[in-house]
Amino acid sequence: MFCEKAMELVRELHRAPEGQLPAFNDGLRQVLEEMKALYEQNQSDVNEAKSGGRGDLIPTIKFRHCSLLRNRRCTVAYLYDRLLRIRALRWEYGSVLPNALRFHMSAEEMEWFNHYKKSLATYMRSLGGDEGLDITQDMKPPKSLYIEVRCLKDYGEFEVDDGTSVLLKKNSQHFLPRWKCEQLIRQGILEHVLS
Amino acid sequence: EHMEENLRRARKGDLKVSIHRMEMERIRYVLSSYLRCRLTKIEKFFPHVLEKEKTRREGESSSLSPEEFAFAKEYMANTETYLKNVALKHMPPNLQKVDLLRSVPKPDLDSYVFLRVKERQENILVEPETDEQRDYVIDLEEGSQHLIRYKTIAPLVASGAVQLI
């Protein structure tokens, strides 16, 4: 049956929970090949129908055309949905993505991501004042100024506002300004300790 | 910025500092949240947002800041280029163009919104939703609150006569 591969791509994404990016499915190539074959068959049939008077070929031609449209729709849906997931990664993880996720992206997706990052950075830099505003921070309303955090992995020196720095070693606990910790918490380096 | 200057002048550990800081955090949160929301909407509806800007009449003000407009254009170009290079240009010639205005869903202007009336409005035409209904006319009293289809009152939001809540 035509469009099986295209449907498989869509199904794979449909099954993946929100925010998750499965590895780029090379099946796209097969879909494009199927489209090429369908188109060539249609081209020859159209010629036959026109010159050879083979009107009986028309339903088949229409059917192949529908399959072509479906293949395109599935393909674009698959690619676009992945872009949306990749976009979400910038907001979740920051501008440097964990390696595990990078391996799931195609080179072109990486390029899209880099352009997106740059565009977003330009926009944020333009917001009020000279340094701009990083709107990827402050994702939750502030409840308190300082929060208790535990360090999950060795990170090294971390500078706090007034110039002092803390050494983030695995399992060390600190009482730090919330706004400094947000991104590290999202990256899994610090953990908010709720007592 | 004014608050940051105050912070620098106060003594470290002064209670004023904490309260200022807290207020700054709150302001930053609200501001970031607002700007994020705008960006999310721009990305979600990007072909329609850009089309609206393209067909904007002289003298009509834009819904986008110049920076947002630049961002929206870059987002569209980035996405179109990607789809073209990865898939569309490898497809049969008559299928290579995808109309994004048709493929990307439009914002649902028929969704219901809450509003408060700031300036009294008379004879607002409410169009029927189903074929059985007929259109009717309502007055909006100052200070009253309503749940109504966005499309009906869209121009009033733009003019400031009503405020969405």
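Note that the coordinates shown come from a computational prediction; the quantities given were computed from them, not determined experimentally.

With that out of the way, let us pick up the packing of helix 3 (residues 58–93) of chain A against helix 5 (residues 107–125) of chain A. Residue and element names in this part refer to chain A. Running from N to C, helix 3 and helix 5 point in directions that differ by 50 degrees, and their axes come no closer than 10 Å. Taken together, helix 3 and helix 5 sit at an angle that is classed as oblique. The interaxial crossing formed by helix 3 with helix 5 has right-handed handedness. The residues of helix 5 that touch helix 3, namely those facing R82, L83, I86, R87, R90 and W91, are E109, W112, F113, Y116, K117, L120 and M124.

A few words on helix 3 of chain A. Counted at 1.5 Å a residue, the expected span for helix 3 of chain A with its 36 residues is 52 Å, and the 52 Å between its end C-alpha atoms agrees. Backbone geometry just after helix 3 of chain A places G94 of chain A at a positive phi near 95 degrees.

Below, the discussion takes up the sheet that holds strand 1 (residues 146–151) of chain A. Residues and elements named next belong to chain A. Pairing is antiparallel across the open sheet formed by 3 strands, whose spatial order is 4-1-5. Each of the sheet's edge strands pairs with one partner strand only, and the pair in question is strand 4 (173–177) and strand 5 (190–192). Each adjacent strand pair in this sheet contributes to an overall mean axis angle of 45 degrees, direction not counted. Pairing of strand 1 with strand 5, which is carried by 3 bridges, proceeds in the antiparallel orientation. Bridge pairing in strand 5 links R150 to E191.

Residues and elements named next belong to chain B. One open sheet accounts for 3 strands, arranged 4-1-5; its pairing is antiparallel. Only two strands of the sheet have a single neighbouring strand rather than two, namely strand 4 (145–149) and strand 5 (162–164). Here the average twist between neighbouring strands, direction ignored, is 40 degrees. The sheet contact formed by strand 1 (residues 112–117) and strand 4 spans 5 bridges and is antiparallel. Each bridged residue has a counterpart across the sheet, and for R116 the counterpart in strand 4 is Q145. Strand contacts of helix 6 (residues 150–159): strand 1, strand 4 and strand 5, with the helix running at about 120 degrees to strand 4, the strand carrying the most contacts.

What counts, and at which threshold
Residues numbered from 1 in each chain as written. Chains lettered and ligands numbered in written order. Predicted model: local features only at pLDDT ≥ 70, side-chain atom pairs only at ≥ 80, totals over all residues. Heavy atoms only, no water. Axes fitted to C-alpha atoms, helices over the stretch in contact; angles between N-to-C directions. Helix = DSSP H or I, 4+ residues; strand = E, 2+ residues; numbered from the N terminus. Parallel < 35°, antiparallel > 145°, perpendicular 65-115°, else oblique. Left-handed = near helix turned anticlockwise from the far one by under 90°. Contact = heavy atoms within 4.5 Å. Expected span 1.5 Å × (residues − 1). Pairing = 2+ DSSP bridges.

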